[in-house]
Amino acid sequence: MFKVFVFDDYEGVSQKAFEVMQEVIKQEKVTLGLATGSSPVGLYKRLVEAHKKGLSFKHIQTFNLDEYVGLSKNHDQSYYNFMFEHLFKHVDVNLNKVHLPKGEGSLEDVASEYEDMLQKNPQDIQLLGIGSNGHIGFNEPGTSFDSTVHVVRLRDETRQDNARFFDSIDEVPHFAITMGIKDILRAKKILLVASGQNKAMAIKEMLEGKIREEVPCTILQNHPDVVVVLDKAAASLIKHD
Ligand code: F6R
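Quick notes on the rules
Residues numbered from 1 in each chain as written. Predicted model: local features only at pLDDT ≥ 70, side-chain atom pairs only at ≥ 80, totals over all residues. Heavy atoms only, no water. Axes fitted to C-alpha atoms, helices over the stretch in contact; angles between N-to-C directions. Helix = DSSP H or I, 4+ residues; strand = E, 2+ residues; numbered from the N terminus. Parallel < 35°, antiparallel > 145°, perpendicular 65-115°, else oblique. Contact = heavy atoms within 4.5 Å. Nonpolar A, V, L, I, M, F, W, Y, C, P; charged D, E, K, R; others polar. Near = heavy atom within 4 Å. Polar contact = N/O pair within 3.5 Å; in protein donor to acceptor, adjacent residues only side chain to side chain. Areas by Shrake-Rupley, 256 points an atom, 1.4 Å probe, with all protein chains shown as cover. 1 Å grid on protein atoms, 1.4 Å probe; cavity = no way out; pocket = protein on both sides within 12 Å on 5 of 7 lines; lining within 4 Å. Sits in = over half its atoms within 2 Å of the grid points. Pairing = 2+ DSSP bridges.

Undergrad: Which residues make up the packing of helix H2 (residues 41–52) against helix H3 (residues 79–86), and what values do they have?
TA: Contact geometry for H2 and H3: axes closest at 10 Å, N-to-C directions at 45°. Between H2 and H3, the angle is such that the two are oblique. Contacts from Val41, Tyr44 and Val48 of H2 reach H3 at Phe82, Met83 and His86. Its residues placed into classes, the contact of H2 with H3 shows five nonpolar, one polar and no charged.

Undergrad: Account for the site of the ligand, naming residues and giving values.
TA: In the vicinity of the ligand lie 13 residues, with Ser39, Asp66, His135, Gly137 and Lys199 positioned nearest. The contact in question runs from an oxygen atom of the ligand to an N or O atom on the backbone of serine 38, over 2.8 Å. Aspartate 66 places a side-chain nitrogen or oxygen 2.5 Å from an oxygen atom of the ligand. Contact with the protein chains hides 94% of the accessible area of the ligand, taken as 410 Å² for the molecule alone. Using a 2 Å cut-off from the grid points, one finds that the ligand occupies the largest pocket.

Undergrad: Now, about the sheet that holds strand S9 (residues 189–194): what can you tell me, with residues and values included?
TA: Strand order in the open sheet made by the seven strands is S1-S10-S9-S6-S2-S3-S5, with parallel pairing throughout. Each end of this open sheet is capped by a strand with a single partner; those strands are strand S1 (2–7) and strand S5 (98–99). Two elements, strand S3 (residues 60–64) and S5, share two bridges in a ladder whose sense is parallel. Of the residues in S5, the one forming a bridge with threonine 62 is valine 98. Sitting on the sheet, helix H4 (residues 107–120) touches S3 and S5, and the angle it makes with S3 is about 135°.

As structure tokens, this is what we get:
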């Protein structure tokens, strides 16, 4: 079931997402599912500000959605580095309790170990962005709804969307390792944030489209608790009553 909130701009989106996330963090023992990309940056900024005012992350463990294959933890554009720079280094989270799938080594082993940890530690909340093609995590169109942690070949449109973070498109990895759809759906609550016109079609599909593997986000219609936080542009194609 979706609860949809629409704000004028990215700041409004980030503030609402922060409020939802903060409620969960205030609980006693918390497992957060986290995401990277542009969408959660404003939320992470607010979490860091809240930490300075006393919000603690000591009791938190985290599991990120995905990581690029072939980038070491310390690479500028690795998702570990993204999380470290935007959140982890600024708060009192125990770094032994933050988890991302590793994009190096035996990926089969990485995938089965990460899957095992996820099954033992279901997320209290899973934060999601959304791809312009409807991907969630890096579950690209056509991914099985039964998928668990797996390696994925990134679509051209995804590599192009993410090229802005790299010196050139040639440097964007072709593969990533990601939580599967089944792992995402295990979360008690899902918080999806999106802003900008290029997300409008994916958002419309997610809320109103037929549930199908060609558009991965449509499966969220089957989850009991999805909070969707949008700016006006991302919400612009949604039907109004
Ligand atoms: C990130 C992730 C991706 C992004 C999506 C949107 O960990 O799994 O699904 O959430 O590609 O990216 P942005 O927010 O950069 O538009």
